[in-house]
Amino acid sequence: MSQSGSKVFSCIRLIKAGIAACVLAGTVTVANATEERTLVLNYSQTVQPFTDVVINGEATSALLDTGATIPLIGDRFINIDPRADPDETEARILGIGGQRFFPIARLPNLSAGSENWTDLRVAVNTENRYPIQKSVLPISIFETRVVDFDFGNNRVHLYDGRPKRVRRSRQDSVPYQDINDLIFVPIKINGVRGQALIDTGAVISFLNPAFAEQSNARLDEDRTALLRGSDLTRNHASIYGFRRLAFAGNEITRITLPVLDTEMFAELGFDDEPMMILGMDLLQHFRLQVDRERQRIHFVRAHNPRRPSYDRDVNSFANGVAVR
């Protein structure tokens with residue numbers, strides 16, 4: 001991921017078609033690091049994975065985001081003005097609609113389940129407005145070797161060793177690239193190779209114009225005309241149809257996805273190279289196991305799953321998910 005200026009941080013996430021990016025390394029203290037722990041997922045009106053947390057003694061929820069690399073906390077949880085970090089004073093927030101800067105501060109206390117952190121370096125959301133309204137936790141905050149998103153059972157399991165085998169399921173894995181704590185996996189669209197960012201903070205998946213052009217995608221004029229009222233409209237956005245999307249032994253056919261012409265892809269180093277964001281509209285159909293020790297990601301799916309229906313609004317684009 002490219003960075004500009006000195007001491008600039010970067011991460012990426014998508015909320016309701018708005019994306020934010022920032023990065024931070026922090027001091028973390030975690031209790032019971034050798035035991036398996038489980039976090040309960042509490043879904044909002046979207047499919048994003050939220051879990052209960054306690055921030056400075058106040059109960060709330062936070063998004064578990066593979067597309068973020070810094071905790072992002074609302075300023076209402078910090079009773080004093082954010083204390084600037086002496087080394088890095090701002091986090092740059094990149095989005096498809098532009099960039100903003102948020103102060104860096106030390107958070108006295110944060111807990112999620114049995115996980116506890118003190119004096120944690122965080123980015124402070126001083127605006128608390130769309131698209132960033134909830135607190136965000138990156139998975140890099142956890143010290144276990146495996147982060148296991150069990151979406152079907154509303155759980156996230158944290159443990160060491162190898163990813164668990166799941167009975168009566170198909171399990172495919174692929175090596176991933178760790179770029180500034182972001183997870184990139186190889187993907188093919190209409191036979192064209194590219195890279196996909198795994199982003200559990202993203203409601204929908206989308207790709208850059210380079211991917212659409214090289215894959216000879218078909219413009220969906222009707223759905224493009226329906227694209228209104230979201231952060232997507234701040235950029236040139238169109239809906240395209242694709243014959244086949246394949247990753248890690250999985251295949252999705254007859255899928256329509258947004259294509260965004262935004263500087264965000266250039267900031268990530270993929271201006272002219274095929275890249276997409278793989279969001280929860282597709283990830284929710286798998287049990288997603290991130291093996292950070294071996295840098296492999298496992299996509300677990302039940303044998304002969306029920307074919308999902310996507311006869312909903314323009315936010316849902318996939319027409320079918322098939323494992324072959």
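Check the entry above for the structure.
Quantities reported herein were computed from a predicted structural model and do not represent experimental measurements.

S.K.: So what's going on with the overall build of the chain? Residues and values would help.
M.R.: In terms of regular secondary structure, the chain is built from 4 helices and 24 strands. Buried residues in the chain amount to 57% of all 324 residues. For the chain, the proportion of contacts with a sequence separation of at least 24, taken over those separated by at least 6, is 68%.

S.K.: Go over the pattern of salt bridges with me, naming the residues and quoting the values.
M.R.: Within the structure shown, the criterion is met by 10 salt bridges. Where lysine 164 meets glutamate 36, a salt bridge forms, and the shortest distance between an N and an O atom there is 2.6 Å. With lysine 164 in the loop between β12 (155-159) and β13 (169-175) and glutamate 36 in the loop between β2 (18-20) and β3 (37-40), this pair connects stretches of sequence that are 128 residues apart. Note on lysine 164: relative accessible area 32%, which makes it partly exposed. Relative accessible area serves as the criterion here: at 41%, glutamate 36 is assigned to the partly exposed category. For aspartate 148, the salt bridge is made with arginine 287, and the minimal N-O distance between the two is 2.8 Å. Of the two residues, aspartate 148 sits in strand β11 (residues 146-150) while arginine 287 sits in strand β22 (residues 287-291), which places them 139 residues apart along the sequence. One exposure class covers both aspartate 148 and arginine 287, and it is buried.

S.K.: Go over the pairing of strand β23 (residues 296-302) with me, naming the residues and quoting the values.
M.R.: Within β23, 5 of the 7 residues are buried, leaving the element largely enclosed by the surrounding structure. As judged from the 7 bridges shared by β13 and β23, these two strands associate in the antiparallel manner. Each bridged residue has a counterpart across the sheet, and for valine 174 the counterpart in β23 is isoleucine 297. Taken together, the 5 bridges between β22 and β23 define a ladder with antiparallel strand orientation. Bridged to valine 290 within β23 is isoleucine 297. Once β22 ends, the chain turns through 4 residues before running back antiparallel as β23, passing glutamine 295 with a positive phi of about 50 degrees.

S.K.: Can you lay out the nonpolar core for me, pointing to particular residues and giving the numbers?
M.R.: Counting residues in hydrophobic clusters, the biggest one holds 57 residues, and the most contacted among them are Met276, Ile297 and Phe299. Ignoring any residue separated from it by four or fewer positions in sequence, one finds isoleucine 297 in contact with Asp172, Ser173, Val174, Tyr176, Ile183, Val185, Ile198, Leu288, Gln289 and Val290.

S.K.: Let's hear about the pairing of strand β4 (residues 50-55): which residues, and what values?
M.R.: Strand direction decides the pairing type here: β4 and strand β5 (residues 58-65), joined by 6 bridges, are antiparallel. Paired with phenylalanine 50 across the strands is leucine 63, a residue of β5. The antiparallel pairing of β4 with β5 creates a hairpin that spans 2 residues between the two strands, and asparagine 56 there sits at a positive phi of about 50 degrees.

S.K.: How would you summarise the sheet that holds β22 if you had to cite specific residues and measurements?
M.R.: An order of β3-β12-β11-β22-β23-β13 is seen for the 6 strands of this open sheet, with the pairing classed as antiparallel. Only two strands of the sheet have a single neighbouring strand rather than two, namely β3 and β13. Adjacent strand axes in the sheet meet at a mean angle of 15 degrees when their direction is disregarded.

Definitions and cut-offs
Residues numbered from 1 in each chain as written. Predicted model: local features only at pLDDT ≥ 70, side-chain atom pairs only at ≥ 80, totals over all residues. Heavy atoms only, no water. Helix = DSSP H or I, 4+ residues; strand = E, 2+ residues; numbered from the N terminus. Buried < 20%, exposed > 50% of the residue type's maximum accessible area, 1.4 Å probe, protein only. Contact = heavy atoms within 4.5 Å. Salt bridge = Lys/Arg side-chain N within 4 Å of Asp/Glu carboxyl O. Pairing = 2+ DSSP bridges. Core = buried A, V, L, I, M, F, W, Y, C linked by side-chain atoms within 4.5 Å. Axes fitted to C-alpha atoms, helices over the stretch in contact; angles between N-to-C directions.

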